[in-house]
Amino acid sequence: MNNLIKGLNLYLIGMMGSGKSTVGKLIAQQLGYRFFDTDDLISQITGKSINEIFATSGEAEFRDLETQVISELCAYKNLVVATGGGIIIRKQNWSYLQHGVVVWLDVPVEQLYNRLKEDTTRPLLRDPDPLGKLKSILSDRQKMYQQADLHIKVATEESPDALATRVLQEIPKVLKPESSNGQVS
Ligand code: S3P
């Protein structure tokens, strides 16, 4: 597997609460890759939480930081990157993501809601109707998530380990043969 993937970065995309960071860390361990989370990097660079950035500078400033971070990460190899759920909104970000293998963790919206209903760290879910908000965000983004190289439909109750294993099993199917140097087909 490690041979096949030849250092290509893996970018995990998907909605808030889809498990990108948890699963991403497990995949990175298996591949001997380094793991990064774009939200964590943004917080490190700014010294602010994601909530603070949204509250003090606004979403547009956050999206600029997100683009800056992903543009810098794509210069490296051997990375698993858990991206923020909205990274797929900007076309420019796709030009960076497409250097690697893009994996969509597609989790049913009710499950996302159950995971996030007590969460206070997602500014976009500060809404009187968080389930409705999740559904509307997903419906706006569905077409963009579908542009992933690999679409992983997550079954309810599938453990992070099982999911990581499944992602690793599926990746070779979307890689071009060895001769083309591990490019995504
Ligand atoms: C966002 C998802 C969050 C974070 C920010 C905006 C989104 O990341 O980037 O709150 O637009 O979906 P996670 O997907 O890691 O929760």
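Relevant structure appears above.
Residues numbered from 1 in each chain as written. Predicted model: local features only at pLDDT ≥ 70, side-chain atom pairs only at ≥ 80, totals over all residues. Heavy atoms only, no water.

1. Examining the sheet that holds strand 2 (residues 34–37)
Moving on, step 1. On the basis of which strands lie adjacent, the open sheet formed by 5 strands has the order 2-3-1-4-5 and parallel pairing. Looking at strand neighbours, the two that pair on one side only are strand 2 and strand 5 (150–153), the edges of this open sheet. Mean inter-strand twist for the sheet, computed between neighbouring axes without regard to direction, equals 20 degrees.
Moving on, step 2. Where strand 1 (residues 10–13) and strand 3 (residues 79–82) come together, 3 bridges link them in parallel fashion. Bridge pairing in strand 3 places Leu 12 opposite Ala 82.
Moving on, step 3. On the sheet, helix 2 (residues 20–31) packs against strand 1, strand 2, strand 3 and strand 4 (101–106) and is oriented at approximately 165 degrees with respect to strand 2.
Moving on, step 4. Each of strand 1, strand 2 and strand 3 is contacted by helix 5 (residues 59–73), which is oriented at about 165 degrees to strand 3, the strand it contacts most. (Pairing = 2+ DSSP bridges. Helix = DSSP H or I, 4+ residues; strand = E, 2+ residues; numbered from the N terminus. Axes fitted to C-alpha atoms, helices over the stretch in contact; angles between N-to-C directions. Contact = heavy atoms within 4.5 Å.)

2. So, the pattern of salt bridges
Moving on, step 1. The final tally for this structure, using the stated rule, is 6 salt bridges.
Moving on, step 2. With a shortest N-O distance of 2.9 Å, Glu 66 and Arg 63 are connected by a salt bridge. With Glu 66 and Arg 63 both in helix 5, this residue pair falls 3 residues apart, about one helical turn.
Moving on, step 3. As a salt-bridge pair, Asp 64 and Arg 90 come within 2.7 Å of each other at their nearest N and O atoms. Here the residue Asp 64 occupies a position in helix 5, and Arg 90 occupies one in the loop between strand 3 and helix 6 (91–97), the gap between them amounting to 26 residues.
Moving on, step 4. Among the residues examined, Asp 64 registers a relative accessible area of 40% and is labelled partly exposed. (Salt bridge = Lys/Arg side-chain N within 4 Å of Asp/Glu carboxyl O. Buried < 20%, exposed > 50% of the residue type's maximum accessible area, 1.4 Å probe, protein only.)

3. Here we look at the site of the ligand
Moving on, step 1. Close to the ligand lie 13 residues; Lys 20, Asp 39, Arg 63, Arg 122 and Arg 141 are nearest.
Moving on, step 2. Residue Arg 63 places a side-chain N or O atom 2.7 Å away from an oxygen atom belonging to the ligand.
Moving on, step 3. For the ligand, an oxygen atom lies 3.4 Å from a polar atom in the backbone of Gly 86.
Moving on, step 4. With the chains in place, 96% of the 390 Å² that the ligand exposes on its own is no longer accessible.
Moving on, step 5. Its residues assigned to classes, the shell around the ligand comprises 5 nonpolar, 3 polar and 5 charged. (Near = heavy atom within 4 Å. Polar contact = N/O pair within 3.5 Å; in protein donor to acceptor, adjacent residues only side chain to side chain. Areas by Shrake-Rupley, 256 points an atom, 1.4 Å probe, with all protein chains shown as cover. Nonpolar A, V, L, I, M, F, W, Y, C, P; charged D, E, K, R; others polar.)

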